[in-house]
Every structure is written in C-alpha cells, then in structure tokens.
Number of protein chains: 2
Amino acid sequence: MPHSDGTAPRKTRIQTQNEELILAAALEVFSAYGFRGSTVDQIATKCGLSKPNLLYYFRRKEDIYVALLEHTLTDWLEPLRAMDAEGDPIVELSNYITAKIRMSRDNPKASRLFANEILHGAPAIGTFLKGPLKELVDEKAAVISGWMDSGRLTRIDPHHLIFSIWSTTQHYADFDVQVNAVLGNPPDLMSKAEEAILTLFIEGLKPR
Amino acid sequence: MPHSDGTAPRKTRIQTQNEELILAAALEVFSAYGFRGSTVDQIATKCGLSKPNLLYYFRRKEDIYVALLEHTLTDWLEPLRAMDAEGDPIVELSNYITAKIRMSRDNPKASRLFANEILHGAPAIGTFLKGPLKELVDEKAAVISGWMDSGRLTRIDPHHLIFSIWSTTQHYADFDVQVNAVLGNPPDLMSKAEEAILTLFIEGLKPR
DNA sequence: ACCGCTCTTGACCATCTGATCAAGAATTAA
DNA sequence: TTAATTCTTGATCAGATGGTCAAGAGCGGT
C-alpha cells in the first residue's frame, strides 16, 4: 500500500504518473457510461494497466470516481470566480459566458461527468453543492444584483440568471448528441452557439 | 406468450393494467438510476410483481426502457408542435416556454429519463433524434425565422434559440438537486424560475 | 363443470464485476 | 551488491444481475 504512516503522503514518480493515467482513462469511461455503467476493467484496459494493478492505486471503484470529481471541480468553477464586481457588467458577463461555452467545447467530458453525477442525485458531491458551491454562487449573485441596482443591467433574479447561463452553455456538452442530430454535425457549431447565446443574454440584459 | 399470430395484438385487461404498472415503476427507477444503474428486481419490487412475472410482459430489461421512452416521447414534444406560425410571436414563445417549464415541474422524471438517455449517446432513440425530432425542430425554426424576418423578434439563430429554451427549462428538472442545494429548497422555486426565464427570453427578444 | 388460454412463481443458471491475495518482478536507497 | 520497498499480476472469490423454465394457479368462454 502506498505509504500510510500518518505524516507525509509523498508520492513516487510511478505513482503520480499512473494515477494521472488512471484519472484520464476514468474521465473517458465515467463520462460516457456513468458510474454504474462503467467497469473497472474498462478503465484498466484503457490505460494499459491490469485490474489488480489499478486497484493498487485506488482501492475501490468509487475512490477513482470521487478523486476524478474533486480533481476537476476546482477548474470547473474558475470562470465564475473570475467574475469581478469592479469590472463592467457587460464585459464581465460576456467573458463569463464565453469562458463557459469554451469549456463545453474543450472539455465536454468533464461537463458530462458532472451532469451525470447531479442527474443521479449528486451522491458523491452533495455536500460540496450545499457548501462551497452555494457560497460562491451566493457571492456572485450578490455582485450581479449590485450591478442591477445601479441600473447597468435589466433586473432578473440573479440566481436564476446564473442557472440559465450554466444550462445554455453546458447544454452543448451534455446534450451534444441531440444537438448534432438536429443540426447534422455542422463544422462551426460552437462559434454559432457562442454568438447566439451571447446575443440572447447580453442584448437581453442591456438596460433600455 | 401474449398473442403473436401476426394480426391483432389485442390485450387483456390484466395485460394493459400490468404494463401500465410496470412502466410507471420503470419511470421511477430508470429516471433515478439510469439504464445500467437500474435492476429488473427494483422495478419488479416497486410495482409489486415478481421478477419472472415482469419479464413475462417485457422479455428483456431493454424492452421496458424502450417502451417507456416511446411512451413519453410524443407528449414531450407536444408544446413545440403547438407553436403556431399564425399567432403572435411573443405570445407563442411565452406559451411555449411556460409549457416547457411546467413540464419540468410536473414531470421531472420524464425529463431526467431523456437527459440520461441523451447524455449516454442516445443509444435507444438516436434515429428518432435524427428523424422526427430534427424535422419538427427545423419546421419550427423556420417559423421563428419568419417572425424575425418580419421584424417582430430580435434576430438570433432560431435553432440555438430553441436549444436555449430547452436547456434553461429542463435544467430545473435535470439538475434539480444542484438547484435546490444552491437555493436551499425554497417553496416557490418554479414560479420564480418561470418569471426569470420569461423575462430573459421575452424581454430580450422584443425588438427595440 | 369443463377446457384452453393467460398469468404467476420458485428454483435455477450463466455471466459479469468489484475486490482480494499471495507471489514474483522492478525499483530505489544504502 | 544488497535489502527494503514499491509495483505488478494470475488466479480466485463472492455477490449481483439478467434471463430461463417447468409447473401450477387463475380466468373466461362454452
């Protein structure tokens, strides 16, 4: 077992390397088939390790899953954190929306991983949602609310505005298959989507 | 086996009754745990039938799943079908959005069932998406486009507008857990959501 | 009451899958 | 080199799960 004397969990070169391999493979598999739909064998095969070897690094299937979620959660919220109360509302919101939709484009698997987790009741990250996530959202909702108070944005419930941004942007990752079925796999999908979503939110939120 | 002489598949009273029982239970289970995450036993227990008895009506687990999807697909698209090219654009869109968000409120399980299916690549309804769904969406996108041509709506790519409406409304069913975690289970959630979404789309789309 | 058909079920099976373990190979520090 | 530690794996297990089957119970028309 890789070290457990209570102090420093210092990792071997092989250890960090294989853990990265495993998490990368796990993202592929879990995002495609969900937790129950994925097997340890699939993940092991995908990263070229034997099943017992994989279970040497992560003792249980669930440990891989949780590690993977934690590993990507921070990045996932970065764009929202970056929204600056001192900045111009229109610019800040545009940047946020653009950042979110590009995450959908560049890392759809992470989006689908979360979507699946939440869809099934967020058994692994429920406390995170009620804690850190809620705090961050409340904070940023207050910022947006401030912008609306000063008349620089049309008034809308800021929490629901955030939900709307999340849903529209993540839709292109999570419902990828549906979008492409309806649109017939156009090459410039995401830039068109970005344009439409920005128009909807930004033009819609500009005060008249 | 219940009738199979090639002609009329007329059903017994018990047959229709039990099939309904099964589909109702299956919706509960499949929407909560996904296809792979659900077991035939769970469904059987939930509707008070023995597993072999359930498999007498639906020979394979997948048959239940497919039947369930087909059974709800038609209802699901009804609001979009109802959108009338001859009506007033603002009224038609308002009605559509309102209908969609109320479906999210009244039948979140069906929404999660579809979300799960699509998230996993739509193995069971892929052809439906590329066929009937695409046709319907293309038709209604053309209607919306016509409204925009006549200057009664701000110009936005109509397909992406439809996707935005789908995503924002269904978000409240599919990501229910997240929404409630962030908002702390408020009693009037859906009416607030309805108000915010209507404001966003309708105010945003009114030509200036 | 009888008969054919539908319905129900306990027992059972094959397979899949998460997880364990002991033993051997590779790596590292001295 | 050597010894301790880390890493790897074939074999194996226990439980879960989708699906089958034969036999019996129930129902409906005559």
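If you're wondering where the values come from, they're calculated on a predicted model, not measured in any experiment.

Enquirer: Sorry if this is basic, but what is going on with the relation of the copies chain B and chain A here?
Expert: The operation relating the two chain copies consists of a rotation about an axis and a shift along that axis. For the pair chain B and chain A, the relating rotation is 180°, the translation along its axis is 0.0 Å, and the fit reaches an RMSD of 0.0 Å. Put plainly, the chains are arranged around a two-fold axis. Of the C-alpha atoms belonging to chain B, the one lying closest to the rotation axis is found on Gly 204 of chain B, 1.7 Å away. The residues that chain B uses at the interface reappear at the interface of chain A in 98% of cases, marking a shared surface.

Enquirer: Would you mind showing me how to read the protein's contact with DNA strand C here?
Expert: Taken together, 19 residues form the shell around DNA strand C, and within it Val 40, Lys 51 and Lys 61 of chain A together with Asn 53 and Tyr 57 of chain B come nearest. In the interface set of DNA strand C, defined as its atoms within 4 Å of the protein, sugar plus phosphate atoms amount to 62%. Gln 15 of chain B places a polar side-chain atom, nitrogen or oxygen, 3.1 Å from a phosphate oxygen of DNA strand C. One of the side-chain nitrogen or oxygen atoms of Tyr 57 of chain B is found 2.6 Å away from a phosphate oxygen of DNA strand C. Class assignment for the residues of the surface near DNA strand C results in seven nonpolar, seven polar and five charged.

Enquirer: Help me understand the protein's contact with DNA strand D, please; the structure alone is not making it clear to me.
Expert: Taken together, 19 residues lie around DNA strand D, and Asn 53, Tyr 56 and Tyr 57 of chain A together with Val 40 and Lys 61 of chain B are the ones closest in. Put simply, 60% of the atoms of DNA strand D that lie within 4 Å of the protein are in sugar or phosphate. Residue Lys 61 of chain B places a main-chain N or O atom 2.7 Å away from a phosphate oxygen belonging to DNA strand D. Of all elements in the fold, only α1 (13-37) and α3 (51-57) of chain A together with α3 (51-57) of chain B reach the threshold of two or more residues within the surface near DNA strand D. Looking at the surface near DNA strand D residue by residue, the class counts come to seven nonpolar, seven polar and five charged.

Enquirer: What should I look at first to understand the side chain of Ser 38 of chain B in this one?
Expert: Along the polypeptide, Ser 38 of chain B turns up in the loop between α1 (13-37) and α2 (40-46). Discounting residues that sit within four places of it in the chain, Ser 38 of chain B has contacts with Val 29, Phe 30, Tyr 33 and Lys 61 of chain B.

Enquirer: So what exactly am I meant to see when it comes to the packing of helix α4 (residues 61-81) of chain B against helix α6 (residues 108-119) of chain B here?
Expert: Working note: a packed helix pair is described by the angle between its axes plus the distance between those axes. All names here are of chain B. Between α4 and α6, whose axes approach to 11 Å, the crossing angle comes to 115°. Where α4 crosses over α6, the two elements pack in a sense that is left-handed. From α4, Tyr 65, Leu 68, Leu 69, Thr 72, Leu 73 and Trp 76 reach across to α6, where they touch Ala 110, Ser 111, Leu 113, Phe 114 and Glu 117. Grouping the amino acids of the contact of α4 with α6 by side-chain chemistry returns eight nonpolar, two polar and one charged.

Cut-off values and rules
- Residue positions are counted from 1 within each chain, in the order its sequence is given.
- As they are written, the chains are lettered A onward and the ligands numbered 1 onward, keeping that order.
- Where local features are concerned, this predicted model is filtered to residues with pLDDT of at least 70; where side-chain atom pairs are given and counted, the filter is 80 or more; whole-chain, interface and lining totals use all residues.
- The basis for every side-chain value is the complete set of heavy atoms in the structure, and neither hydrogens nor water enter the calculation.
- Here the copies were fitted onto each other by least squares, based on C-alpha atoms from residues at pLDDT of at least 70 in both.
- Only heavy atoms enter the contact rule, under which two residues are in contact if any of them lie within 4.5 Å.
- Proximity is defined per residue: any heavy atom of the residue falling within 4 Å of a molecule or strand makes that residue near it.
- Here a polar contact means two N or O atoms within 3.5 Å. Within protein one must be a hydrogen donor candidate and the other an acceptor candidate, and residues neighboring in sequence count only if both atoms are side-chain atoms.
- Amino acid classes used here: Ala, Val, Leu, Ile, Met, Phe, Trp, Tyr, Cys and Pro are nonpolar; Asp, Glu, Lys and Arg are charged; the rest, including Gly, are polar.
- Each helix is a run of DSSP H or I of at least 4 residues and each strand a run of E of at least 2, with the numbering of both proceeding from the N terminus.
- Inter-axis angles, ranging from 0 to 180 degrees, are taken between N-to-C directions of lines fitted to C-alpha atoms, where helices are fitted over the stretch in contact.
- Two helices crossing with the near one rotated counterclockwise from the far one by less than a right angle form a left-handed crossing, whereas a clockwise rotation gives a right-handed crossing.

Interpretation note: all reported values are geometric properties and have no functional meaning in isolation.
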